Amino acid sequence: MPALAASLLAVVAVSALARKQIGGHTGDVFGAAQQVAEAAVLLTLSALMGASA
């Protein structure tokens, strides 16, 4: 569940930044949001696995 929360937070941050910087969303923004969400999930899972070891 923490990974899902990190992913959601990351996508909301990218969305807010895109809205502020360029006034909306494009396909590039969606691609960037996907990449940021994936990185957030992987970092969160890595941190959780490291904490339990």
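Position numbers for residues count from 1 along each chain, tracking the sequence in the order it is written. Where local features are concerned, this predicted model is filtered to residues with pLDDT of at least 70; where side-chain atom pairs are given and counted, the filter is 80 or more; whole-chain, interface and lining totals use all residues. Note that the side-chain values use all heavy atoms of the structure and ignore hydrogens as well as water.

1. Concerning the overall build of the protein chain
Note the cut-off: Numbering goes from the N terminus for both helices and strands, where a helix is a DSSP run of H or I of at least four residues and a strand is a run of E of at least two. When accessible area is computed with a 1.4 Å probe and restricted to protein chains, residues below 20% of their type maximum are described as buried, those above 50% as exposed, and intermediate ones as partly exposed. The protein chains shown are the only cover counted for residues, whose accessible areas, like all others here, come from Shrake-Rupley with a 1.4 Å probe.
In terms of regular secondary structure, the protein chain is built from 2 helices and 0 strands. Counting all 53 residues of the protein chain, 23% fall into the buried class. Looking at the protein chain as shown, the accessible area adds up to about 3900 Å², and 72% of this sits on carbon and sulfur atoms.

2. Quick look at the environment of R19
Put simply, the test is: What makes two residues a contact is simply this: any of their non-hydrogen atoms within 4.5 Å.
Considering the arrangement of structural elements, one finds R19 in helix α1 (residues 2-22). Separated by 14 residues in the primary sequence, R19 and A5 place their C-alpha atoms 21 Å from one another. Once residues within four sequence positions are removed from consideration, R19 is found in contact with G24 and H25.

3. Here's the deal with helix α2 (residues 27-52)
Rules: One less than the number of residues in a helix, times 1.5 Å, gives the span that helix is expected to have.
Its 26 residues place the ends of α2 38 Å apart at the C-alpha level, agreeing with the 38 Å of an ideal helix rising 1.5 Å per residue. Among all positions of α2, only V29, A33, A37, A40 and T44 are buried. Looking at the buried positions of α2, the neighbouring elements they touch are α1.

4. Points about the packing of α1 against α2
Filter applied, for reference: For helices, the axis comes from a line fit to the C-alpha atoms of the stretch in contact; other axes are also lines fit to C-alpha atoms, and the angle between any two N-to-C directions lies between 0 and 180 degrees. The cut-offs work like this: below 35 degrees is roughly parallel, past 145 is roughly antiparallel, 65 to 115 is roughly perpendicular, and the gaps in between are oblique. Left-handed is the label given to a crossing in which the near helix is rotated counterclockwise from the far helix by less than a right angle, and right-handed is the label when the rotation is clockwise. Here the term charged refers only to Asp, Glu, Lys and Arg, the term nonpolar to Ala, Val, Leu, Ile, Met, Phe, Trp, Tyr, Cys and Pro, and the term polar to all other amino acids, Gly among them.
Where α1 meets α2, the axes come as close as 8 Å, and the angle between the chain directions of the two elements is 150°. With respect to α2, the axis of α1 lies roughly antiparallel. Seen from above, α1 lies across α2 with right-handed handedness. Across from P2, A3, A6, S7, A10, V11, V14, A18 and I22 in α1, the residues of α2 making contact are V29, A33, V36, A37, A40, V41, T44, L45 and L48. When the residues that make up the contact of α1 with α2 are grouped by side-chain class, the tally is 16 nonpolar, 2 polar and no charged.

5. A short note on the environment of A6
By the element assignment, A6 lies in helix α1. Distance from A6 to V29, taken between C-alpha atoms, is 18 Å for residues 23 residues apart in sequence. Those residues within four positions of A6 in sequence are excluded, and the remaining contacts are A40 and T44.

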